[in-house]
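If you want the building blocks of each chain, they are given just below.
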Amino acid sequence: MLVTRGYKYELKVNNKERTLLGKCAGISRFAWNWGLAAQKSRYQTQTGVTRFTNAMKQHKELNRLKHTDFPWMYEVSKCIPQEALRDLDRAYQNFFTNHQQRKRKQTIRYVGLPRFKKKGKCKDSFRLTGVIHLFPEVKQVQFPRLGKLRIKERSNFPLSARILSVTISRTADRWYVALTVKEEQSDCKPNGGPIIALDKGLSVFAALSSGIPIARPRFLLQQARKQRRLSKAHSRKQKGSNNKRKSALRLAQFYRRITNQRHNFLHQTSTYLAKNHSVIVTEDLHVKGLMQNKKLSKYWGDLSHGLFQRLLAYKAPLYGSTLIEIDRWFPSSKLCSNCMYYHRNLTLADRVFHCPLCGLVLDRDQNAAFNVANYYTIYQFLLFPVAESSAETLNACGEVVRPAFKQARVVESGRTAPKTVGNDYP
Ligand SMILES: [Zn+2]
């Protein structure tokens, strides 16, 4: 099976190359801003279908102007402005598609209009296509016009893969190259490990149905004092000064380090889970909603549960495992994992679950993890075979009202399980 995958490496650049990459990012930003300004003025001055253009027409127009107005654009590859204009075109298409979808009430997500990019405020990056080669034995990548650039690590890059495009970007003072490739993925054997369920939370990163929780890392919170000191020092520097530039770099390096630590933890945890378990059952957490709680958002943000879920989703099929996401409305915390009693009055402050019916006393998150595991067992053996014949529960608007066993998504095959009538809890 052919799959699209990304590989990211850090570039080992000297001062000359660093200047050149900065120039490329600047030209990409200029092309985006030029295209956006042209599109905006076209929209205001013209009528009908001529109000809109596309990336190809805009690139032709830019090429005509290059000779006279922007001769410095010839210093870099023609792909850079071309790809920037394509990105702009896609941004407009995303805006219009989202507009239509929201009109039809198909999504609640909001996609805004593309905006101008400002030097120093936006991320420095550009995209390249064309003849790109990676030479792992000499740790080099060859780009059009830029020539050969060194990468810092001996890569695990598959030589049979076809490179579609590369994105070169800067984080603090380091430059990275991300290659998008199409490669063959062989079917792996089904994983023979046990089934595991996890309940993601704040007090522990995840409570596992095996009984051993994954402790909560505190990457940013642990260094909150340093963050405060660096931010304060940066805001006190004079605008436009060399010291301001230096303090901005120190702050960016600090954040890069935190992000790297977090990504390392998430990758190691998700790989461990995918490698050693046949089925991973998780809750579909509404991270965006959780982040709106002003008091807790920094704690949720430090854990990156959203990214963790995405990592699990792509790693599970790689190791022959199946990821099952259960509905976010499933009351995993409020059910007793022993007798299924529904504890209606349980609050967030109750860290220990006391069951009034069977007398179970268990840590709240651990109880939730057992419930997620129970859900999977019931879903697999009871609900799935009868799902075809059952009707959906609809409300006046035609939306599915939140039945507890509403749906579970099998991520491995990308198919959604049939929606079934919810089980009524006592
Ligand atoms: Zn009970």
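Residues numbered from 1 in each chain as written. Predicted model: local features only at pLDDT ≥ 70, side-chain atom pairs only at ≥ 80, totals over all residues.

What follows concerns the sheet that holds strand β5 (residues 147-151). Sheet strands associate in pairs through backbone hydrogen bonding, adopting either a parallel or an antiparallel arrangement. Strand order in the open sheet made by the 7 strands is β2-β6-β7-β1-β5-β4-β3, with antiparallel pairing throughout. Only two strands of the sheet have a single neighbouring strand rather than two, namely β2 (125-128) and β3 (133-135). Between one strand and the next, the sheet's axes are offset by a mean angle of 30°, whatever the strand orientation. Two elements, strand β1 (residues 2-12) and strand β7 (residues 174-184), share 9 bridges in a ladder whose sense is antiparallel. Of the residues in β7, the one forming a bridge with Tyr7 is Leu179. Contacting β2, β5, β6 (162-171) and β7, helix α1 (residues 15-45) crosses the sheet at an angle of about 85° to β2. (Pairing = 2+ DSSP bridges. Helix = DSSP H or I, 4+ residues; strand = E, 2+ residues; numbered from the N terminus. Axes fitted to C-alpha atoms, helices over the stretch in contact; angles between N-to-C directions. Contact = placed C-beta atoms within 7 Å.)

Time to look at the environment of Ser333. Within the fold, Ser333 resides in the loop between β11 (322-326) and β12 (352-354). For Ser333, a count of 18 C-beta atoms within 10 Å translates into the label partly exposed. Each C-alpha atom of the pair Ser333 and Arg364 lies 6.6 Å from the other, and the pair is 31 residues apart in sequence. Residues within four places of Ser333 in sequence aside, it is in contact with Leu346, Arg364 and Ala368. (Buried ≥ 20, exposed ≤ 12 C-beta atoms within 10 Å, placed from the backbone.)

Moving on, we come to the pairing of strand β4 (residues 140-143). Here β3 pairs with β4 via 3 bridges, running antiparallel. When the sheet's bridge partners are listed, His133 is paired in β4 with Gln142. Counted between consecutive antiparallel strands, the loop separating β3 from β4 contains 4 residues, among which Lys139 sits at a positive phi close to 55°. As judged from the 4 bridges shared by β4 and β5, these two strands associate in the antiparallel manner. Paired with Val141 across the bridge in β5 is Leu149. In sequence, β4 turns back onto β5 through a hairpin of 3 residues, with Arg145 there showing a positive phi of about 70°.

Let us now look at unusual backbone geometry. Its identity as a non-glycine residue notwithstanding, Ala172 has a phi of 55°, on the positive side. With respect to the helices and strands, the residue Ala172 is situated in the loop between β6 and β7. On the neighbour-count criterion, Ala172 (14 C-beta atoms within 10 Å) is partly exposed. With a phi angle near 65°, Met340 is a residue other than glycine that sits in the positive phi range. When you line up the elements, Met340 lands in the loop between β11 and β12.

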